[in-house]
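Residue-level structure breakdown
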Amino acid sequence: MLNQKISDELINNLIAQAKCAANNAYAPFSKFKVGAALMTKSGKVYTGCNIENSSYGLTICAERVAIFKAISEGEREFIAMAIYNKEEKPYPCGACRQVMFEFNGGDMLVIIATDHSKDVLTLADLLPKGFKLAKTNC
Ligand code: ZN
């Protein structure tokens, strides 16, 4: 299975990159800074942070920033994503889980990390029956 290829060292490296990305979070309203690091099948890593907005509905999560950066660079297959907040486990929201599902089915490893703990799950654990159209054109 795909996820068995991911070592503890790689997981810790992704967490470290997610932690760095959290430093760039723009979260003046919630003060909840999140970073994400997404690893592609080829081993490249794309990071993201949450970006809030005075018009709250325009806020975007760190996970989707990382995924959209990767997709816009032509990536389509992902192995793992680490999501980091300093103190509180940053479980992804429903919207991010669905965006992850679009490109990974349930296979992707999702690492939820703080400075004190980490949970290692699959996307299927977080979103057991995600929505996906049967046919896509690209
Ligand atoms: Zn989200």
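Values in this document were obtained by computation on a predicted structure and should not be read as measured data.

Here the structure, examined in full by the defined rule, presents 5 salt bridges. Lysine 86 serves as the salt-bridge partner of aspartate 115, at 3.3 Å between the closest nitrogen and oxygen. Separated by 29 residues along the polypeptide, aspartate 115 in the loop between β4 (109–113) and β5 (118–122) and lysine 86 in the loop between β3 (78–84) and α3 (94–104) bring together distant segments of the chain. For lysine 86, a relative accessible area of 49% corresponds to the partly exposed category.

With that settled, the discussion passes to the packing of aromatic side chains. A full pass over the atoms with the stated rule returns 2 aromatic pairs. For the ring pair phenylalanine 78 and phenylalanine 103, a centre distance of 6.4 Å and an interplane angle of 80° mean the geometry is edge-to-face. With phenylalanine 78 in strand β3 and phenylalanine 103 in helix α3, this pair connects stretches of sequence that are 25 residues apart. Its relative accessible area of 5% is what places phenylalanine 78 among the buried residues. By relative accessible area, phenylalanine 103 is classed as partly exposed at 28%.

As a further point, take the coordination of the zinc ion. The coordination sphere of the zinc ion contains the protein donors Cys61 (SG), Cys93 (SG) and Cys96 (SG), at a distance range of 2.2 to 2.3 Å. Each donor residue of the zinc ion lies on one chain, and together they are spaced C-x31-C-x2-C. Of this pair, cysteine 61 sits in the loop between β2 (45–49) and α2 (62–72) while cysteine 96 is found in helix α3, placing the two residues 35 residues apart along the sequence. Overall, cysteine 96 belongs to the buried group, its relative accessible area being 0%.

Tallying each qualifying case throughout the model produces 0 disulfides. Here cysteine 20 stays unpaired: no disulfide links it, and the sulfur of cysteine 49, its closest cysteine neighbor, is 12 Å away.

Calculation criteria
- Residues numbered from 1 in each chain as written.
- Predicted model: local features only at pLDDT ≥ 70, side-chain atom pairs only at ≥ 80, totals over all residues.
- Heavy atoms only, no water.
- Salt bridge = Lys/Arg side-chain N within 4 Å of Asp/Glu carboxyl O.
- Helix = DSSP H or I, 4+ residues; strand = E, 2+ residues; numbered from the N terminus.
- Buried < 20%, exposed > 50% of the residue type's maximum accessible area, 1.4 Å probe, protein only.
- Phe/Tyr/Trp six-rings, centres within 6.5 Å; stacked < 30°, edge-to-face > 60°.
- Donors = N, O, S within 2.8 Å, 3.2 Å for Na, K, Ca; no water.
- Disulfide = S-S within 2.5 Å.

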